[in-house]
Amino acid sequence: MTRRWLDAVYSSHPELRPARALLSPTWLGALAVLGLNDHVLKGAGVLPGDLTGKLSDFAGMIVAPALLAVLLGVKSRRGLLHCHIAVGLVFALINLSPACADAWSWLMGLVGFPWTITVDPTDLLALPFLALGWRALVPTMRPAARSVPSVSLSRWPTRPEFGAAALGSLLCVATSDTSDTDDWGDTDNVFYEDFRGDVYLHNAGADRDVVVRVRDLRDDVEIDCFNVQEEPGVLFSEALFGEGRTWSIPPGANVPARGDVDRTVRDCYAVLLTSDTIEPTVLFWDTNDVPLDWIPGQHAEGESRLRGAIELTADEDGRASIAGSESDFVYPQRPPPNDAYLPGSDAVRVAWSNPPTGVHRIDGLEIGSDGCAAFDLDDGLVPRFYFCTPLTELPFEVGQYLSVEDQGDILILSRSPDPQDPAPVGDTRVAASRGNTLPVVSGAVLAAKPVFDGSGIGPDPVCGTVAQPQEFRVDFGGEFVRFRAGESVELDDGDHHLTIHGVHAERRVILARECAEGPDTLGDDVELAYVWTDSQQP
């Protein structure tokens, strides 16, 4: 039974005439809903916005497959099934992928009806209406659906059928003059409707739409607002921004600059604005300068702009440009100076495997050229333990006992007496620290301070993370020394000898957490390793 049903659905026999469905009550009713919703109900306040935002999607799933079948001259169930799959696939892609949405908008622009699509996965709730359309319309496409059985399947559409096809094509691709188009030419109550926002884009031109693309910061990006405000165009690289939205803004209309108003709260915001003719430009502002408010959907000619307005225009050839802004929020992207500090490589970091805390006997110790030491402990009863630092020598030997103290971001390895021979051993410690705090070393004061040498800072080319260089400072036995990452210092107070190796020293002002090593917070990112021994120890 299942095989017979599949054979029937996927039949290539020319038994259908889809044009007949265009005069059926189901198809005409769905077309009426599509047109009425797009051009009357949207923005009228008669129905809730959430409902009008979905009605056209539901109706489009019924209208589009049959219309596509007519335009392609489909006559078989197999061809009709392919039309349903094509409509569903395009609809799903433009609601899941901003890149596909932009491509479709561009393609529709070639035929004179550019769509501006808001990617919304919840619109996929309309996909079941494809099956509803199939069930309701296929019977109307059979020869038996007409009272005249002699009608040929290859005949051209009748005048009523042709008229329905033309009207359906127009309503499926055309948009109203004052609305932001969505998946089937419907509106999202954006153009000429008030919206909640802060910085917004205004088409200050008189007679041409402005097409631009805006991209919000990725959710994993954190910003030190104070330290980035001097050079937003340099510090906010493209890598920090996620997928965006393309707006086609009619003259006089306003749209929000950012799309994360309802889901992201920051102390400051950045948006990347581009178009075919506008070079990448960062819009950066502080929430204290532009608080959230209700923005009018349009400004009448001569009406004053709000503080968050960014004015755009397009020339006779449709080339968009930034005409100005009510506040100083516009920063064209530009590369950092050649001598700017870029975040250090993450290739050299301290690291260790799961440490076996307590006292253990060293049965094997191998130190590689990269500074990774492999410890074999307790006759193999403990898994091999790795301790990686830039130190190429450690003050431990096979046969000695090792005490391991795990303090989270600080690991301390120290010489321990033999449990069977409690004779004291010299004070010998090796430690590594990572994160945003430094270890406490007996008799020493450790600190990390930013270095300001006037050369500026720039973003990491891959992640976009931005950091200020820091230097380590240590006061030990009355001796004060400064050193940077990659440098070592040796200090002695007469009783103890201290060797410190700086590994990483930065203070991050922009952090892309998903691709950056180190702590998942802004601020200090410092790593070092030290060796502490008794001065008189052989």
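**Student:** Tell me what's going on with the state of the cysteines, and back it up with residues and numbers.
**Tutor:** Per the stated rule, a full pass over the model turns up three disulfides. With its sulfur 2.0 Å from that of its partner, C372 forms a disulfide with C388. Torsion about the S-S bond of the C372 and C388 cystine: about 110°, corresponding to right-handed handedness. Placement of the pair is C372 in strand β15 (residues 372-377) and C388 in strand β16 (residues 382-388), with a sequence separation of 16 residues. Described in terms of the sequence order of its bonded cysteines, the disulfide pattern of the chain is 1-2, 3-4, 5-6.

**Student:** Go over the packing of aromatic side chains with me, naming the residues and quoting the values.
**Tutor:** When we look at a pair of aromatic rings, we describe it by the centre distance and by the angle of the planes. Tallied over the entire structure, the rule returns six aromatic pairs. Between F58 and F129, the ring centres sit 4.6 Å apart and the planes meet at 10°, which makes this aromatic pair stacked. Highlighted residues: F58 in helix α3 (residues 49-72) and F129 in helix α6 (residues 128-141), separated in sequence by 71 residues. Taking relative accessible area as the criterion, F129 reaches 26% and is therefore assigned partly exposed. Across the ring face of Y269, the terminal group of R258 is positioned such that the distance to the ring centre comes to 3.6 Å.

**Student:** Explain the sheet that holds strand β3 (residues 210-217) residue by residue, including any values.
**Tutor:** Strands sit in the order β5-β3-β7-β8-β12 across an open sheet of five strands; the sheet is antiparallel. Looking at the sheet topology across the chains shown, the edges are occupied by β5 (241-249) and β12 (330-332). Pairwise comparison of adjacent strand axes, ignoring direction, gives a mean angle of 30° for this sheet. Relative to β5, β3 runs antiparallel, the two being bridged by seven bridges. Residue pairing in the sheet places V211 in a bridge with S248 of β5.

**Student:** Give a detailed account of the pattern of salt bridges, specifying residues and quantitative values.
**Tutor:** Within the structure shown, the criterion is met by 19 salt bridges. In this structure, E231 and R334 form a salt bridge, with 2.6 Å as the shortest nitrogen-oxygen distance. Of this pair, E231 sits in the loop between α8 (225-228) and α9 (232-235) while R334 is found in the loop between β12 and β13 (351-352), placing the two residues 103 residues apart along the sequence. The exposure class of E231 is partly exposed, given its relative accessible area of 34%. Across the salt bridge formed by R482 and E471, the nearest N and O atoms sit 3.6 Å from each other. One end of the pair, R482, is in strand β22 (residues 479-483); the other, E471, is in strand β21 (residues 466-476), and 11 residues separate them in sequence. Assessed through its relative accessible area of 10%, E471 is described here as buried. Connected through shared salt-bridge partners, R349, R508, D525 and E527 make up one network.

Basis of the calculations
Residues numbered from 1 in each chain as written. Predicted model: local features only at pLDDT ≥ 70, side-chain atom pairs only at ≥ 80, totals over all residues. Heavy atoms only, no water. Disulfide = S-S within 2.5 Å. Helix = DSSP H or I, 4+ residues; strand = E, 2+ residues; numbered from the N terminus. Phe/Tyr/Trp six-rings, centres within 6.5 Å; stacked < 30°, edge-to-face > 60°. Buried < 20%, exposed > 50% of the residue type's maximum accessible area, 1.4 Å probe, protein only. Lys NZ or Arg CZ within 6 Å of the ring centre and 35° of its normal. Pairing = 2+ DSSP bridges. Axes fitted to C-alpha atoms, helices over the stretch in contact; angles between N-to-C directions. Salt bridge = Lys/Arg side-chain N within 4 Å of Asp/Glu carboxyl O.

Purely geometric numbers; function is a separate question.
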